[in-house]
Amino acid sequence: MRSVQSQEKARARKVLRRLKVEYKKTGPFVEWSTPLELLVGTILSAQCTDERVNRVTKRLFHKYRSAQDYADASLEVLEQDIYQTGFYRSKAKYLKGTGALLVQKYAGEVPNDFEALLAFPGVARKTAHIIMAKAFRVFTGVPVDTHVLRIAPRLGLTKHAEQEKIAKDLEALFPKEDYLSVNEHFITHGRAVCIPRTPRCESCVLLDLCPFGNR
Ligand code: SF4
């Protein structure tokens, strides 16, 4: 007989397999072509949609091409340049601080090091996991954003409500190489079907696997 833990793992993996079939294409997410752009875009995406971030960074990445450019920027000008992403005063400080730290400690390159990334202003665990996974293909943990935070408990994949505890529970259920995929598929599903107030359970491919949908 299979243990409860292995049954839970099997159910979790079935969830992800179904989502992978349902959403051949995930996103949209923050667009980037270098680790620096990914870091900047991810910092800007706090409390802002990825679409809006991408509109802003189209111009921003043209103007600021290196860590030094952010370090040298006038805060007032940087604030104007990122104004549309919201919380622009804090975010401008984060970007300037990030540029300065990159120049001082890492010769302007984004470090391939989870713990080092946590020292950057505006970078918490979720952002650091995303940078590590997308820029370096190193899967350090499940990035828990607002969609993962909502959907994982609905699906009974965690009993917790706190970001770090949810991440731990998910990391025990999925193999490392799926950590980013969990994040991206839950986000896509959370935007389309498992929306915040009134999830569309009747048209959800996960209905038979979901305790919330079968209350
Ligand atoms: S059945 Fe409902 S609550 Fe469960 S994942 Fe689907 S939409 Fe979300």
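Residues numbered from 1 in each chain as written. Predicted model: local features only at pLDDT ≥ 70, side-chain atom pairs only at ≥ 80, totals over all residues.

Looking now at the overall build of the protein chain. If you tally the helices and strands in the protein chain, you get 11 helices and 0 strands. In sequence order, the secondary structure elements of the protein chain are arranged as α-α-α-α-α-α-α-α-α-α-α. A compact globule built from 215 residues would reach a C-alpha radius of gyration of about 17 Å, and the protein chain, at 19 Å, matches this within 12%. Dimensions of the protein chain along its principal axes, counting C-alpha atoms only, are 60 × 30 × 30 Å. Scored against the burial criterion, the 215 residues of the protein chain give a buried share of 34%. (Helix = DSSP H or I, 4+ residues; strand = E, 2+ residues; numbered from the N terminus. Rg over C-alpha atoms; globule rule 2.2 N^0.38 Å. Buried ≥ 20, exposed ≤ 12 C-beta atoms within 10 Å, placed from the backbone.)

On domain assignment, one finds that the protein chain holds domain 1 (4–26 + 142–214) and domain 2 (35–136). Of note, the centres of domain 1 and domain 2, computed from C-alpha atoms alone, are 28 Å apart. Facing the 6 residues of domain 1 at the interface are 5 residues of domain 2. In the side of domain 1 that touches domain 2, the residues fall into 5 nonpolar, no polar and 1 charged. (Domains from an automatic or database assignment. Contact = placed C-beta atoms within 7 Å. Nonpolar A, V, L, I, M, F, W, Y, C, P; charged D, E, K, R; others polar.)

A few words on the nonpolar core. Ranked by size, the top nonpolar core spans 50 residues in total, and within it Ile-131 and Leu-170 carry the most contacts. Looking at this core element by element, the count peaks at 6 residues for helix 2 (residues 35–44). When we break this core down by domain, the ones giving at least three residues each are domain 1 (4–26 + 142–214) and domain 2 (35–136). Those residues within four positions of Ile-131 in sequence are excluded, and the remaining contacts are Pro-35, Leu-38, Leu-39, Thr-42, Val-110 and Leu-117. (Core = buried A, V, L, I, M, F, W, Y, C linked by C-beta atoms within 7 Å.)

Bringing the site of the ligand into the picture now. Neighbouring the ligand are 13 residues; Cys-194, Cys-201, Cys-204, Cys-210 and Gly-213 lie closest to it. Classifying every residue of the shell around the ligand gives 10 nonpolar, 1 polar and 2 charged. (Near = placed C-beta within 6 Å.)

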